[in-house]
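Summary of the model geometry
Residue strings, one per chain:
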Amino acid sequence: ETMSPPLFSLPEARLRFTNSTRDALTNKTIKPLLNAFNQIPGSENEKKCTLDQSFRVVLEEEIINQASCENVLAIISLAINAVTDGICTASTPFVLLGDVLDCLPLDQCDKIFTFVEKNVTTWKSNTFYSAGKNYLLRMCNDLLRRLSKSQNTVFCGRIQLFLARLFPLSEKSGLNLQSQFNLENVTVFNTNEQESTLGQKHIEERDEGMEVEEGEMGDDEVPTSCSIPIDYNLYRKFWSLQDYFRNPVQCYEKISWKTFLKYSEEVLAVFKSYKLDDTQASRKKLEELKTGGEHVYFAKFLTSEKLMDLQLSDSNFRRHILLQYLILFQYLKGQVKFKSSNYVLTDEQSLWIEDTTKLVYQLLSENPPDGERFSKMVEHILNTEENWNTWKNEGCPSFVKERPSDSKPTRLVRKRPAPEDFLGKGPNKKILMGNEELTRLWNLCPDNMEACKSETREYMPTLEEFFEEAIEQADPENMVENEYKAVNNSNYGWRALRLLARRSPHFFQPTNQQFKSLPEYLENMVIKLAKELPPPSEEIKTGEDEDEEDNDALLKENNESPDVQRDKPVTGGQIESFANKLGEQWKTLAPYLEMKDSDIRQIESDSEDVKMRAKQLLVAWQDQEGIHATPENLITAMNKAGLSDLAESLSNDTENSS
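Residues numbered from 1 in each chain as written. Predicted model: local features only at pLDDT ≥ 70, side-chain atom pairs only at ≥ 80, totals over all residues. Heavy atoms only, no water.

1. Points about the overall build of the protein chain
Tallying secondary structure elements over the protein chain gives 30 helices and 0 strands in all. Across the protein chain, contacts joining residues at least 24 apart in sequence account for 71% of those joining residues at least 6 apart. For the protein chain, the computed accessible surface area is about 41700 Å², with 50% contributed by carbon and sulfur atoms. (Helix = DSSP H or I, 4+ residues; strand = E, 2+ residues; numbered from the N terminus. Contact = heavy atoms within 4.5 Å. Areas by Shrake-Rupley, 256 points an atom, 1.4 Å probe, with all protein chains shown as cover.)

2. Observations regarding the pattern of salt bridges
For the coordinates displayed, the defined rule picks out 13 salt bridges. Between Lys237 and Glu266 there is a salt bridge, with its nearest N and O atoms 2.6 Å apart. Here Lys237, found in helix H11 (residues 232-246), pairs with Glu266, found in helix H12 (residues 254-273); they are 29 residues apart in sequence, far enough to count as distant. Under the relative-accessibility criterion, Lys237 is labelled buried at 5%. Overall, the relative accessible area of 23% leaves Glu266 in the partly exposed class. The shortest N-O distance in the salt bridge between Glu576 and Lys615 comes to 3.0 Å. Taken together, the residues span a long stretch of sequence, with Glu576 in helix H25 (residues 572-582) and Lys615 in helix H28 (residues 610-625) at a distance of 39 residues. Each of Asp110, Glu117 and Arg158 takes part in salt bridges that share partners, so that together they form one network. (Salt bridge = Lys/Arg side-chain N within 4 Å of Asp/Glu carboxyl O. Buried < 20%, exposed > 50% of the residue type's maximum accessible area, 1.4 Å probe, protein only.)

3. Some words on the nonpolar core
Core analysis: the largest hydrophobic core is formed by 52 residues, its most contacted members being Leu33, Phe55, Ile76, Ile112, Trp123 and Phe162. Ranked by residues supplied to this core, first place goes to helix H4 (residues 69-84) with 10 residues. If we skip the residues at most four places from it in the chain, Ile76 touches Pro93, Leu96, Leu97, Val100 and Phe115. Counting residues in hydrophobic clusters, the runner-up holds 44 residues, among them Tyr244, Leu312, Ile321 and Val360. (Core = buried A, V, L, I, M, F, W, Y, C linked by side-chain atoms within 4.5 Å.)

4. Some points on the packing of aromatic side chains
Applying the stated criterion across every chain yields a total of 30 aromatic pairs. Between Phe94 and Phe128, the ring centres sit 6.2 Å apart and the planes meet at 75°, which makes this aromatic pair edge-to-face. A residue pair is termed long-range when its members are at least 10 positions apart, and Phe94 in helix H5 (residues 92-103) and Phe128 in the loop between helix H7 (120-124) and helix H8 (129-146) qualify at 34 residues. We note that Phe94, like Phe128, is buried. Relative to Phe128, the ring of Trp123 lies with its centre 6.2 Å away and its plane at 85°, an arrangement referred to as edge-to-face. (Phe/Tyr/Trp six-rings, centres within 6.5 Å; stacked < 30°, edge-to-face > 60°.)

5. Things to note about helix H15 (residues 315-333)
In this model H15 runs 27 Å from its N-terminal to its C-terminal C-alpha over 19 residues, within 8% of the 27 Å that 1.5 Å per residue would give. H15 sits mainly inside the fold: 14 of its 19 residues count as buried. N-cap assignment for H15: the residue whose side-chain oxygen lies 2.8 Å from the backbone N of Asn316 is Asp314. (Expected span 1.5 Å × (residues − 1). Polar contact = N/O pair within 3.5 Å; in protein donor to acceptor, adjacent residues only side chain to side chain.)

6. As for empty space enclosed by the protein
Scanning all chains against the criterion turns up 2 cavities of 30 Å³ or more. By volume, the largest cavity amounts to about 50 Å³. Lining of the largest cavity is provided by Leu177, Ser179, Gln335, Val336, Lys337, Phe338, Asn389, Lys392 and Asn393. Taken as a whole, the second largest cavity holds about 40 Å³ of empty space. Lining the second largest cavity are Ala470, Gln473, Ala474, Lys485, Val487, Glu523 and Val526. At the level of secondary structure, the elements contributing two or more residues to the lining of the second largest cavity comprise helix H21 (463-474) and helix H23 (518-532). Looking at side-chain class alone, the lining of the second largest cavity contains 4 nonpolar, 1 polar and 2 charged residues. (1 Å grid on protein atoms, 1.4 Å probe; cavity = no way out; pocket = protein on both sides within 12 Å on 5 of 7 lines; lining within 4 Å. Points joined across faces, edges and corners; volume = space filled by probe spheres on them. Nonpolar A, V, L, I, M, F, W, Y, C, P; charged D, E, K, R; others polar.)

7. A closer look at a negative patch on the surface
A surface patch of like charges, here negative, comprises Glu464, Glu465, Glu468, Glu469 and Glu472. Relative to the helices and strands, Glu469 is located in helix H21. Judged by relative accessible area, Glu469 falls into the partly exposed class, the value being 46%. (Patch = residues over 30% accessible without salt bridge, like charges linked within 9 Å, V, L, I, M, F, W, Y side chains within 5 Å. Lys, Arg positive; Asp, Glu negative; His and termini not counted. Charge placed at Lys NZ, Arg CZ, Asp CG, Glu CD.)

8. Brief notes about a nonpolar patch on the surface
A cluster of nonpolar side chains, Leu438, Leu441 and Leu444, forms an exposed patch at the surface whose accessible area comes to about 300 Å². Position of Leu438 among the secondary structure elements: in helix H19 (residues 436-442). For Leu438, a relative accessible area of 44% translates into the label partly exposed.

9. Notes on the packing of helix H1 (residues 10-27) against helix H3 (residues 44-64)
Between two packed helices, what matters for the description is the angle formed by their axes and the separation of those axes. At a minimum axis separation of 8 Å, H1 and H3 run at an interaxial angle of 55°. Accordingly, the angle class assigned to the pair H1 and H3 is oblique. The crossing of H1 and H3 is right-handed. In this structure, H1 uses Leu10, Ala13, Arg14, Phe17, Thr18, Thr21, Arg22 and Leu25 to contact H3, whose residues at the interface are Lys47, Thr50, Leu51, Gln53, Ser54, Phe55, Val57, Val58 and Glu61. (Axes fitted to C-alpha atoms, helices over the stretch in contact; angles between N-to-C directions. Parallel < 35°, antiparallel > 145°, perpendicular 65-115°, else oblique. Left-handed = near helix turned anticlockwise from the far one by under 90°.)

In C-alpha cells:
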C-alpha cells in the first residue's frame, strides 16, 4: 500500500509559521520562513494565507507588549521580503501597516510614516503597486482624519506629498478635476464692534493690558506714516477679504464684487503707505534664521486685534496676503472647464484686475528679503499653473509618449509574399497570381510597359470608322427611316459626343445655330463630316430629311461639274492649308467673313497661336455659312479685305488640287 501524502492542517501550519516568524526576527534572516514554507504540506495558496495570518498574530503581540517602533517595522520589512520571495500575499505589508497605524499614538505614527515615505519606490514596483495602492490611500486618509490641519500641518503636508509621489500625475482622485474650493476653511475674527479694543485712545489700550506688548515693540518703531487709521473698521475689512479668497465665485456677483473692490483698494493702500519693519529688524530676523533660530509656521491666520499693528508691518505676513490676491486673480481670469457660463468678468473688472496684478507684483518685489527674486518666482509658478489648468481642461491626456523606434532600421516582416517569391516560379516560368484567371490574364503579356504601349490598347475609333454607318443613313438615297437612324440611339449619341470632343475641330467652335435635341445636332455634324472625310468607295451623297429636294439638286450639280472645285464646300484639309497661309492676317479678314466683334474676342481668348486663331476663324465661318462656305466665296472675301496676294495663292492651290 502506498502512503497518501500528509494533509494540510491549519492549526499546525499556523503554529509552525508563527514560531518561524519569531526565529526570523531574532536572527534577522528570512531563511526559517522559507524552510517552513517548503516543509509544510498543502497547496501554495493555503500556505500563503496561513503565513499572512501568522504575521498579523506576531504583530498584534508586539503592539500589545508596547514594543518599540523598530521591532514593529522589522516585522513589516520581513513581510516585504516574504512577498518578494513569493511565500505570502502581496497585500500583507499594507494590511500590517494599517494595523500598526490604527493602534499607535500620533507621535509614533510619525516614525512609522517615515518608513512608508522611504519605501515609496518599493510600493511603486510592479509586485506591490496594484495590490497596495488602495490600502495606502485608505491608510493615508484615515491618518489625515486623525490629524489637525492647524496643529499637525507639516505631517498632513507630508502625507499629501507622499500620495503625490505614489500615484501617477493623471490619477483622477488627486486632481480636483472640477476646480472645487475648500469652503470649510473659514477665517474667524471679531465681528462685534462693541467688543473691539482697536482705535481707542492709547491710555485705554494701556488699561486693557497691552502695555507690555507696546513696550516690547518699542514706541519709536510704531509706524506712523499711514494716512488710514488702524481701527476696527480696517480690521473688519481686512479679515473680510479672506472670505473672497476662500470662495472666489463671490467675485462674479455684482454687490459682492463692489465690496471686494472697496476693501481691496483700502488694504492695498495701507500696504503701500504703511512702512514695514525697518531693514535693521529684517536683518536681525535673517541672522536668527541663519544661526538656527526656529522658523515658526502657522497654518491659520492669527486674527487677534492686538496683532493687527504688528501684522501690517510684518513682511512675511504681507507676502501671504499678496500671494492670495495673485491666486484669486488667476482663477478669475483663467479658462476653467467646470466654471458656470454666468461666471464672466466685465471689461471694467478685467481692467481693474490687470492694474491691481501689476500693483501686487510691485509690492511683492519691494517686500524684503529678496523681494525681486520672490516676485519673479511666484510669476513663474503661476504661469506653470496655467499649463496644469489647460491640461485638465483638455480632459487630462496621457503624459506617456511612445518610445521612438531604434535608429537602426529593422527589416519589416512581410505579411504577403514578395513578388520575387512567386514571379516566374510556375511551370514554363509562368507568373503565378494566386488564382487561375488572374494568372491567365497576367501572362498574356508579362511585361507591363510593353502591354501598355500595345496598339491593341488603342480603343478610340477614328471618325471615319465610327460615323460610317451614320453617314450612310444620312444619304437620302438609302431611305433609312428617322427612328432607325443611329443618331437617335442615346448610347450612340453619348459616345459620338465623346469622340467628337477628342477628334473633331468642330466640337468646341461657337455657333449661332440652335439645336433642339442631340440627334438633330449629330445629324448636322454627320453632314459636315461627310463633306470632310474621304469617301470609302464612292462619294456619299448627304442630305437632311427636312430639305431633301434642295440637297438632291446640290448633289446633282456637284456630280455634273466635278472639275469646278471652287464651288464645292471647303474640306478640313483645305481649311488647315488656308489657315497656315493666313496666319496673323486673320484679324484683317474676319470682318469680311461677317464675324462679330464678340466672336473675334472669343477666338483671341481661346488661343495665343496665330495659326490656331486663323483655323478657328475659318472653322467658325464654315459653321456659319454651311454649304456656301466655298473656296470661291473665301477668295472673294480676301480680295475685299485687300489680301489679293493671298487670294491669288489660294486660287492657284484650289486649281492644282483639282
